[in-house]
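Each chain, written out:
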Amino acid sequence: LERERGITIKMAPVRMVYTPAVSDRIQTVTDSKASGDFLYEELTYKIRGAVFSVRKQLGLGHKENIYHKALEIEFRNVGLKFESEKIIDVFYEGEKVGVYKPDFVVEDKILIELKALPLIGSQEEKQVWNYLKGTRYKLALLINFGYKEAAINRIVDTKKIQQLSASGQRSSAQIEYVLNLIDTPGHPDFGYEVSRAFKTVEGAILLVDASKGIQAQTLANFEMAKKSGLKIIGAVNKIDLNLPQTESIIKETAQLLQCPESEIFKISGRTGQGVEEILKEVIEQVPAPSVKGNGKSALIFDSLYDDHKGIIAFVRVFNGEFKAFQETKLVGAGIKFKAKEVGYFSPRLKASDSIETGEIGYIATGIKDPDKLKIGDTIGEESLIGYEFPQPRVFVSFFPEENDDYEELRKSFQKLRLTDPALKLDPDSNEVLGRGFKVGFLGKLHFEITSQRLEKEFNIKTVNSFPSVSYKVKLSQHKDYSFIDNPKDLANEYDEIWEPMINLEIIAPSSYLGSILKLKDPFRMGDMDTQNIGDRILIKTTMPLMELITDFDDKLKSVSHGFASFSYDMGQYQRADLIKIDVLIAGDLVVGLSRIIPKKDLDYEARQMAGRLKDLLPKQQFTQAIQIVVGSRVIARETIPAMKKLLGSFGKTGGDRTRKMKLWKKQKEGKKKLLSMAKVNVSAEVFKELLKK
């Protein structure tokens, strides 16, 4: 689903063991102060850029000499001085023993060997290493174009580098750093994933895309990281694209973090530029993991279900050590269990003997009942402060297409909640569709993703109601307000109705301000406050939550050609003039199509809905009358005619008109019988289309 939509949906933890390579770094002394740099850093990045450019244009599958000739052209284009297939003497104990002809020598500093093999092994690396050792050069690049993407191996002669050290004190000892990393989503519907991740770490890298700049969710997540007390490091990615707006985006990021532009890291995930530097900054600036409490404790921040290992809890260990086959317990639930396995994310689950204080890893609990383990519970001896669970904003009723699948649907939702604790489930039932669940979501995208996961991961097909929000209603015979989160439960007569509002922030290029302002009336936005952020504009306003779960996102992207982004948080309830409409198809009330809409839009929405249903619903063997009603009053009507059976023309069938009339009469009676037995099902695709403005 993430690949299909091009977004991050789930947080992804990984344990990275980082060793600053001694063989890949040179220590120089300037004014008695040591500073570490890559050997030939700028030159190496230029070469890498040329290699990736050739690979991108030529693709996979060519012979080595094709890539060789293309690199010659690209080196000239980027201004690199090089010699192709230069003959170099090879020495042993100071005496010449032969010659070596590398593919390239660049700037008389770096040797380059090209390959077009499915995989580079140790034999190829040793061969280049031996050539390097026998020459005066210190660095070689072994480049393979035969893999799914260009692979570049740096091979360095450590002894030659150590001889360059002014003091010669270079230690051969390797220092390892364990970095516990979590990649987080950006979409506001998945903000709960981000907030849980922030509870398990000490720092954050605020990553800004050089092709998009600061987005609305960038601001939202930045504020969340600040409130969590994290050390924040700024970085602008995709620097290799050399986009004209890159410098202005670096400036905007620096202004946001209130730091000098020089402290914003320029990185490229494609070429590796700047990655080493940002890892150094993480090690130097982000504090070591903190210890909480005196007893053994690990906070559960996520989980998943495994048929063999039971529930696998994703944990941050705050104190102590957890080992496989050791008895421990869920502190909050009071359930004891023996850990079947413990380990790390690398990024697949990798078993280990133990996980210790400060580490992020997993504990296979062996517990089979998904309801027993809760996100935010503590494993160990001493309870930790967990998470404040988010309140659902959007409600949809789910019913299995086949009534016999109710238990499967229940189990599927239970397993989904292990990986998505923001889901809220309540039993629901309907006279026509039977038993189901009323499910609370954090937004429309959250609902769509969950629907797709039910079908793809569990092969469960469902019938669902229209997405709705929780309304506050006061009935004439009651003094107190009640909350209604399913339109079918709203009475036709009431004194007051209040709808939830959101505080909305939109960021877009200034040139699209006029287009965005045109969305104000259709989506019932409040007064707009604007402020400039560089060459872009930040718009702050309010809007009913119900409008957000229509096609607001699509419309905003459309009017801004994809350059606008938004984030939001929940506001207060606001009194509104709303009314409920129901839908009858072939005389039957269709569960799930009831909606609550503004009274002023009643006639328009009723006609639109009837017309769309006529276009979207397939023809049946019987006539389908579509009626949009308020109480007992019909507001709009459309008719979908029955499918007709072709009886042929009189001349071709050989029959007379009397025979034809008998057949038509028989067909008409059959359609009446079908109508009495008719049951119209409305697919999820129809619901999505009806939500569009």
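Residues numbered from 1 in each chain as written. Predicted model: local features only at pLDDT ≥ 70, side-chain atom pairs only at ≥ 80, totals over all residues. Heavy atoms only, no water.

Along the backbone of the protein there are 18 helices and 39 strands. Residues classed as buried in the protein amount to 47% of the 693 residues present. Excluding contacts between residues fewer than 6 apart, the proportion of contacts in the protein whose partners are at least 24 apart in sequence is 67%. (Helix = DSSP H or I, 4+ residues; strand = E, 2+ residues; numbered from the N terminus. Buried < 20%, exposed > 50% of the residue type's maximum accessible area, 1.4 Å probe, protein only. Contact = heavy atoms within 4.5 Å.)

This next bit is on the sheet that holds strand β28 (residues 462-464). Taking strand neighbours across the sheet as the criterion, the four strands line up as β26-β27-β25-β28 in an open arrangement whose pairing is antiparallel. This sheet does not close on itself; its edge strands, each paired only once, are β26 (424-430) and β28. Taken pair by pair, the neighbouring strands of this sheet meet at an average axis angle of 30°, ignoring direction. Across five bridges, strand β25 (residues 394-400) lies against strand β27 (residues 434-441) in antiparallel orientation. Pairing of F398 across the sheet is with F437, part of β27. Its contacts with the sheet place helix α10 (residues 406-419) against β25, β26, β27 and β28, and it is angled at close to 15° to β27. (Pairing = 2+ DSSP bridges. Axes fitted to C-alpha atoms, helices over the stretch in contact; angles between N-to-C directions.)

Next up on the list: helix α3 (residues 64-77). The end-to-end C-alpha separation of α3 is 20 Å, in line with the 20 Å expected for 14 residues at 1.5 Å each. What α3 keeps buried is the set Y67, H68, A70, L71, E72, E74 and F75. The elements touched by buried residues of α3 are α2 (41-58), β4 (82-84), β7 (104-106) and β8 (110-115). Just downstream of α3, G79 is the residue with a positive phi angle, here 80°. (Expected span 1.5 Å × (residues − 1).)

Moving on, we get to the packing of helix α6 (residues 191-198) against helix α7 (residues 216-227). Their axes nearest at 10 Å, the elements α6 and α7 cross at an angle of 30°. As judged from the angle between their axes, α6 and α7 are roughly parallel. The way α6 lies across α7 gives a crossing that is right-handed. Contact residues: G191, V194, S195 and F198 in α6; N221, M224 and A225 in α7. (Parallel < 35°, antiparallel > 145°, perpendicular 65-115°, else oblique. Left-handed = near helix turned anticlockwise from the far one by under 90°.)

If you trace the backbone, V629 turns up in strand β38 (residues 624-630). For V629, a relative accessible area of 6% puts it in the buried group. For the pair V629 and D582, spaced 47 residues apart in sequence, the C-alpha separation works out to 5.3 Å. With near-sequence residues (within four places) excluded, V629 lies in contact with K580, I581, D582, L584, V634 and I635.

It is worth spelling out the packing of aromatic side chains at this point. All chains considered together, the criterion is met by 21 aromatic pairs. An angle of 70° between the planes, with centres 5.9 Å apart, marks the rings of F413 and F437 as edge-to-face. Of the two residues, F413 sits in helix α10 while F437 sits in strand β27, which places them 24 residues apart along the sequence. Overall, the relative accessible area of 7% leaves F437 in the buried class. Three or more aromatic residues joined by ring pairs form one cluster here, namely F398, Y406, F413, F437, F441 and F447. Here the guanidinium or amino end of K296 rests over the ring plane of F322, the centre of that ring lying 4.9 Å away. Over the ring of F466 we find R595; its NZ or CZ atom is 4.9 Å from the centre of that ring. (Phe/Tyr/Trp six-rings, centres within 6.5 Å; stacked < 30°, edge-to-face > 60°. Lys NZ or Arg CZ within 6 Å of the ring centre and 35° of its normal.)

Next up on the list: unusual backbone geometry. That bond from S346 to P347 is cis: its omega, -15°, falls within 30 degrees of zero. A positive phi angle, near 55°, is found at R524, a position not held by glycine. Its location among the elements puts R524 in the loop between α12 (513-517) and β32 (529-533).

This part is about the sheet that holds strand β9 (residues 139-144). The strands making up a sheet are joined through hydrogen bonds of the backbone, oriented either antiparallel or parallel. With mixed pairing, five strands are arranged side by side in an open sheet as β4-β7-β8-β9-β10. This sheet does not close on itself; its edge strands, each paired only once, are β4 and β10 (151-156). Strand-to-strand twist in this sheet, taken as the mean axis angle between neighbours without regard to direction, amounts to 20°. As judged from the six bridges shared by β8 and β9, these two strands associate in the parallel manner. Opposite E113, over in β9, you have L142 as the bridge partner. Along the sheet face, α3 touches β4, β7 and β8 and points at about 140° away from the line of β8.

Further remarks concern the nonpolar core. The biggest cluster of nonpolar side chains holds 61 residues, and the ones touching the most others in it are V236, I300, V315, I355, I363 and I379. With seven residues, the top contributor of residues to this core is strand β16 (residues 310-319). Apart from residues lying up to four places away in sequence, I379 is in contact with K296, S297, A298, I300, A313, V315, F322, T328, K329, L330, F337 and I363. By size, the runner-up hydrophobic cluster in this structure holds 46 residues, among which are F447, L454, V473 and I549. (Core = buried A, V, L, I, M, F, W, Y, C linked by side-chain atoms within 4.5 Å.)

Here we take up a negative patch on the surface. On the surface, E401, E402, D404, E455 and E685 cluster together to form a negatively charged patch. Its place among the elements puts E455 in helix α11 (residues 444-458). (Patch = residues over 30% accessible without salt bridge, like charges linked within 9 Å, V, L, I, M, F, W, Y side chains within 5 Å. Areas by Shrake-Rupley, 256 points an atom, 1.4 Å probe, with all protein chains shown as cover. Salt bridge = Lys/Arg side-chain N within 4 Å of Asp/Glu carboxyl O. Lys, Arg positive; Asp, Glu negative; His and termini not counted. Charge placed at Lys NZ, Arg CZ, Asp CG, Glu CD.)

The next point concerns the pairing of strand β23 (residues 360-364). With five of five residues buried, β23 is to be regarded as a mostly interior element. Burial along β23 is two-sided: the face carrying I360, Y362 and A364 and the face carrying G361 and I363 are both buried. Direction of pairing for β16 relative to β23: antiparallel, over a ladder of five bridges. Along β23, the bridge assignment pairs A313 with I363.

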